[in-house]
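Summary of structural features
If you want the building blocks of each chain, they are given just below.
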There are 10 protein chains.
Amino acid sequence: MVTSIILINTDRNKVNEVAEQLQSITGVSEVYSVSGKYDLVAIIRVRSNDDLADLVTKKMRVLDGITKTETMLAFQAYSRHDLEAMFNVGM
Amino acid sequence: MVTSIILINTDRNKVNEVAEQLQSITGVSEVYSVSGKYDLVAIIRVRSNDDLADLVTKKMRVLDGITKTETMLAFQAYSRHDLEAMFNVGM
Amino acid sequence: MVTSIILINTDRNKVNEVAEQLQSITGVSEVYSVSGKYDLVAIIRVRSNDDLADLVTKKMRVLDGITKTETMLAFQAYSRHDLEAMFNVGM
Amino acid sequence: MVTSIILINTDRNKVNEVAEQLQSITGVSEVYSVSGKYDLVAIIRVRSNDDLADLVTKKMRVLDGITKTETMLAFQAYSRHDLEAMFNVGM
Amino acid sequence: MVTSIILINTDRNKVNEVAEQLQSITGVSEVYSVSGKYDLVAIIRVRSNDDLADLVTKKMRVLDGITKTETMLAFQAYSRHDLEAMFNVGM
Amino acid sequence: MVTSIILINTDRNKVNEVAEQLQSITGVSEVYSVSGKYDLVAIIRVRSNDDLADLVTKKMRVLDGITKTETMLAFQAYSRHDLEAMFNVGM
Amino acid sequence: MVTSIILINTDRNKVNEVAEQLQSITGVSEVYSVSGKYDLVAIIRVRSNDDLADLVTKKMRVLDGITKTETMLAFQAYSRHDLEAMFNVGM
Amino acid sequence: MVTSIILINTDRNKVNEVAEQLQSITGVSEVYSVSGKYDLVAIIRVRSNDDLADLVTKKMRVLDGITKTETMLAFQAYSRHDLEAMFNVGM
Amino acid sequence: MVTSIILINTDRNKVNEVAEQLQSITGVSEVYSVSGKYDLVAIIRVRSNDDLADLVTKKMRVLDGITKTETMLAFQAYSRHDLEAMFNVGM
Amino acid sequence: MVTSIILINTDRNKVNEVAEQLQSITGVSEVYSVSGKYDLVAIIRVRSNDDLADLVTKKMRVLDGITKTETMLAFQAYSRHDLEAMFNVGM
């Protein structure tokens, strides 16, 4: 499972709208509207780098209302949960 | 469930060590070592703001090797997964 | 009581107008026009994170004239005043 | 009443200690430990600019554990509360 | 006397025009066009915080050509000159 | 008269000490401790660029407690006051 | 062989389009769409500084969709590969 | 082939030393000392994300002289060269 | 001789055009298109601060295509060349 | 002739010392102590990129007192002066 965390800024009045569109994209596991200098944080869980590339450089790019993104690839996950199992079922 | 996402920078050779310590703290759901300008991203899932405050301003603060943190409170979660159920069991 | 402090930048000639609109929103306890690199600071005092989320991601977002906000959740309050009592009456 | 809001960064493990010291200084109305890129936010309510100058450039400066401060003078307060009355009594 | 120093950025071809308008406002003691990352620096000398608030949040805000300002309140003045006397006469 | 405005950051507990030392240097007209992200602002009024160079790159550089300075040359002054006369007497 | 690495930001929905145009320019060896705060990284391998200047200040400048570039000249290459040979053939 | 580009800052007098050590690590294809605000740029070409994670969070982290790194995952490569073939042989 | 170095950013496709216009202004000794985060660097050599002020706040300001400038006054020149002689002839 | 402009920050009390050392290095044409956020600007005029690389990554790197440098390669020079002739003689 390839995991990525994306920090997102949106147009001021498009936060919820962008979040709804994002979470409907396959591979987008969770989207949070957040406090602080970013507007949204998306957690991506996909099978391969190509899926991640496709999601970030194509599917996300055409969403209206996103002004800036910063994509972080997760090198390693540390958790008491079996994330692979938990999210694989629902992927 | 109160969710928070924390962007973390660590001493250069303490990334894995900090991640291991972090994920052993109750309420820390996942920790990822990541590419980009941050070193780690921690996903916190707790019952109340007080638990979050305790975790951030006390438990995390005494961890050796953390140089900077930026805590973001999640206002709203958007997901096809039932996160409350998925993580409540294992909290 | 959930307290939050929001740093706000506005369009140059909309400082007072935005401040007036903000302070009329339930949950906005005080708004200050300030010196320095921000234009306004709002102190939010509400009952729950959901109220805070609603205020920040919906009610504030539609206000005309706000260009940037940075929301900070107060983990803990330190004061000689009984803030809970002082502000609860007027909330 | 002269109001000022001060954004404060502290040494990582001195957040609570600095907050306790700060709130014991006359004129410091409230101190909040906060999420985001600052560690503490202090609300100062004093009688004159001289009191504010004394507090900021003398009393706060000698506190151990503060690494950076950014002081903002409140030009105008907008609130449904009668802040002058509420805080004058307890000043 | 309340003194304030304001760092100002303007539209590229409006530097002189903004400086002329600024210096005609009562309370604006001096305006300098400067080298470096700011375009103008204004020295304000007024009788009270309210005068300063009125100047900064009303009179300056409506000037055309200003893109950004950062207002600094002077806590204390150190000078061999008797500034109060020098500027009081001409205020 | 060559005028320069210098934005200064100092060690936290050296603000007043540095201000006192600065204002005793010939050519330093005024020093203000200020709110915001800088600690001091010095107004320099000297006869020539060489005097300014000497002051900035030699006299100021050896003062203990200064951590960072940003010197701005004033191209042009706009003022109702006859600054040349006012400060020439006392230079 | 003169090598240069260029960090590129593009309009949000022009990443792939700009990459395709860039890689068709003689001297552009590789273009990568990347995670993080930049959108593209181009590796330039040309015969002389003049070729590099022509590419950067003329050919790249007219490409539609580029918002910002930061060109870095490679002083020295360290590699187990014989880059000169590998890329010279295909230049 | 997983490609990554890493922007690196080093201690001032360790640029060449770090470059030599880096290029000797399996998976590091090329290292360039560069002009601009970074000191080195490393091009990583490995078989899998795990190899990349191991290189970035373990092997690179213990190198003496590196002060800061920013790792970018390459989503897609655009090149007239058959990079896979060119670099696969030498990997 | 008063020397100043100006860091300039321009509209993306106006680099050469702005450079040509700049170098035709009396007092502009050299203009370089450069790598890195700035687009142009201009070296100004004039007789007095007033000439410098006139050049920076009037002549340069009306040039089309400049988006940002940062002017640095040279306090002192260190060179094996007799710059005063070399450039005085051609000024 | 390869020209480069280097923006330099130094330890506070080492500005003049570093400037003297720099200008004695072959290829360093001029060094200026400057106002603004940088301390020195060096103009390098050498025969080849290799000379520039040697100067920047070896000779300059061992100078004591330099804290940060940002090297910009000049792509093209625009000047009424015949810089090649003027500086070639003295190189």
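Residues numbered from 1 in each chain as written. Chains lettered and ligands numbered in written order. Predicted model: local features only at pLDDT ≥ 70, side-chain atom pairs only at ≥ 80, totals over all residues. Heavy atoms only, no water.

**As for the overall build of chain A**
Scanning chain A from terminus to terminus reveals three helices and four strands. Whereas a compact globule of 91 residues would reach a radius of gyration of roughly 12 Å, chain A reaches 13 Å, a difference of no more than 12%. Expressed along its principal axes, the backbone C-alpha trace of chain A runs to roughly 35 × 25 × 20 Å. Taking all 91 residues of chain A together, the buried fraction comes to 65%. When contacts within chain A are restricted to residue pairs at least 6 apart in sequence, long-range pairs at least 24 apart make up 69% of them. Summed over all atoms, the accessible surface of chain A reaches about 3200 Å², with 46% contributed by carbon and sulfur. Placing the 10 positive and 12 negative side-chain charges of chain A at their respective mean positions leaves the two points 4 Å apart. (Helix = DSSP H or I, 4+ residues; strand = E, 2+ residues; numbered from the N terminus. Rg over C-alpha atoms; globule rule 2.2 N^0.38 Å. Buried < 20%, exposed > 50% of the residue type's maximum accessible area, 1.4 Å probe, protein only. Contact = heavy atoms within 4.5 Å. Areas by Shrake-Rupley, 256 points an atom, 1.4 Å probe, with all protein chains shown as cover. Lys, Arg positive; Asp, Glu negative; His and termini not counted. Charge placed at Lys NZ, Arg CZ, Asp CG, Glu CD.)

**Some remarks on the interface of chain G and chain J**
In this assembly, eleven residues from chain G lie in contact with eleven residues from chain J. At the boundary of chain G with chain J, total buried surface from both sides reaches about 870 Å², with 65% on carbon and sulfur atoms. Area buried by chain G at its contact with chain J is led by G:N49, G:L73 and G:F75, which between them contribute 56% of it. Between chain G and chain J we count zero salt bridges in total. Where chain G meets chain J, there are one residue pair in polar contact (both at pLDDT 80 or more). Secondary structure elements with two or more residues in the side of chain G that touches chain J: helix 2 (49-59) and strand 4 (66-78) of chain G. It is helix 2 of chain G that provides the largest number of residues to the side of chain G that touches chain J, a total of six residues. Class assignment of the residues belonging to the side of chain G that touches chain J gives a composition of six nonpolar, four polar and one charged. (Buried area = accessible area lost by both parts, 1.4 Å probe. Salt bridge = Lys/Arg side-chain N within 4 Å of Asp/Glu carboxyl O. Polar contact = N/O pair within 3.5 Å; in protein donor to acceptor, adjacent residues only side chain to side chain. Nonpolar A, V, L, I, M, F, W, Y, C, P; charged D, E, K, R; others polar.)

**Thoughts on the pairing of strand 2 (residues 28-34) of chain F**
The element strand 2 of chain F is largely enclosed, with a buried count of seven among its seven residues. Taken together, the four bridges between strand 4 (residues 66-78) of chain E and strand 2 of chain F define a ladder with antiparallel strand orientation. In the sheet register, E:A77 faces strand 2 of chain F, and the bridge partner there is F:Y32. Direction of pairing for strand 2 of chain F relative to strand 3 (residues 40-46) of chain F: antiparallel, over a ladder of five bridges. Directly across from F:Y32, in strand 3 of chain F, lies its bridge partner F:V41. What sits between the antiparallel neighbours strand 2 of chain F and strand 3 of chain F is a turn of five residues, in which F:G36 has the positive phi angle 100 degrees. (Pairing = 2+ DSSP bridges.)

**Some words on the interface of chain F and chain E**
In this complex, chain F contributes 41 residues to the contact, which on the side of chain E involves 41 residues. It is F:Y32, F:Y78 and F:R80 in chain F that bury the most area against chain E; as a group they hold 23% of the surface buried on that side. Where chain F meets chain E, there are four salt bridges. Across the pair F:K37 and E:E70 runs a salt bridge whose closest N-O atoms are separated by 3.4 Å. Connecting chain F to chain E are 23 residue pairs in polar contact (both at pLDDT 80 or more). Every element with two or more residues in the side of chain F that touches chain E is listed here: strand 1 (2-10), helix 1 (15-23), strand 2, strand 3, strand 4 (66-78) and helix 3 (83-90) of chain F. With nine residues, the single largest contributor to the side of chain F that touches chain E is strand 4 of chain F.

**Some words on the relation of the copies chain G and chain J**
Its rotation angle being 180 degrees, the transformation that places chain G on chain J also includes 0.0 Å of axial translation and leaves an RMSD of 0.0 Å. This pairing of chains is accounted for by a two-fold axis. Across chain G, the rotation axis passes nearest the C-alpha of G:L73, at a separation of 3.6 Å. Mapped onto chain J, 100% of the interface residues of chain G are again interface residues, and the two copies thus contact each other with one and the same surface. (Least-squares fit on C-alpha atoms with pLDDT ≥ 70 in both.)

**Topic: the sheet that holds strand 1 (residues 2-10) of chain E**
As a general point, the strands of a sheet are linked pairwise by backbone hydrogen bonds and lie either parallel or antiparallel. With antiparallel pairing, the eight strands of this closed barrel are ordered in space as 1(E)-3(E)-2(E)-4(F)-1(F)-3(F)-2(F)-4(E). In this sheet, adjacent strand axes meet at a mean angle of 35 degrees when their direction is disregarded. The strands touched by helix 2 (residues 49-59) of chain F within the sheet are strand 1, strand 2, strand 3 and strand 4 of chain F, with strand 3 of chain F carrying the most contacts at an inclination of about 145 degrees. Across the sheet, helix 2 (residues 49-59) of chain I lies against strand 2 (28-34) of chain E together with strand 1 and strand 4 of chain F, angled at about 90 degrees from strand 4 of chain F, the strand it touches most. (Axes fitted to C-alpha atoms, helices over the stretch in contact; angles between N-to-C directions.)

**What about the relation of the copies chain F and chain E?**
The operation relating chain F to chain E is a screw motion whose rotation component is 180 degrees, with 0.0 Å of axial translation and a residual RMSD of 0.0 Å. Comparing interface residues between copies, 100% of those in chain F also lie at the interface in chain E; the contact surface is shared.

**With respect to helix 2 (residues 49-59) of chain J**
Listed in full, the buried residues belonging to helix 2 of chain J are J:N49, J:L52, J:A53, J:L55, J:V56 and J:T57. Angular distribution of buried residues about the axis of helix 2 of chain J spans 165 degrees; they occupy a single face of the element. (Arc of directions from axis to C-beta.)

**Describing the arrangement of the chains**
The smallest C-alpha distance separating chain A from chain F is 19 Å, and no contact links them. Separated throughout, chain C and chain J approach each other most closely at a C-alpha pair spaced 19 Å apart.

**Here's the deal with the packing of aromatic side chains**
Applying the stated criterion to the full structure yields five aromatic pairs over all chains. Aromatic pair A:F87 and B:F87: ring centres 6.1 Å apart, planes at 45 degrees, arrangement tilted. Residue A:F87 is found in helix 3 (residues 83-90), and its partner B:F87 is found in helix 3 (residues 83-90); the two belong to separate chains. Taken as a pair, A:F87 and B:F87 share a single burial class, namely buried. When the ring centre of D:F87 is taken as origin, the NZ or CZ atom of D:R45, which lies over that ring, is 3.6 Å away. (Phe/Tyr/Trp six-rings, centres within 6.5 Å; stacked < 30°, edge-to-face > 60°. Lys NZ or Arg CZ within 6 Å of the ring centre and 35° of its normal.)

**Some words on the side chain of E:R45**
Within the secondary structure, E:R45 sits in strand 3 (residues 40-46). Separated by 3.0 Å, the side chains of E:R45 and F:E30 make a polar contact.

**Thoughts on the UniProt feature "domain: Transcription regulator AsnC/Lrp ligand binding" (unreviewed entry) in chain A**
Here the UniProt feature "domain: Transcription regulator AsnC/Lrp ligand binding" (unreviewed entry) sits at residues 6-76 of chain A. Structurally, residues 6-76 of chain A comprises 28% helix and 42% strand, and the distance from its first C-alpha atom to its last is 16 Å. (UniProt positions renumbered as here; feature names shortened; annotations may be inferred.)

**Considering the environment of E:L55**
Residue and element names in this part refer to chain E. Tracing the backbone through its elements, the reader meets L55 in helix 2 (residues 49-59). Take L55: its relative accessible area is 1%, and that puts it in the buried class. In this structure, L55 is in contact with I25, T26, G27, V28, I44, V46 and M60, ignoring residues within four places of it in sequence.

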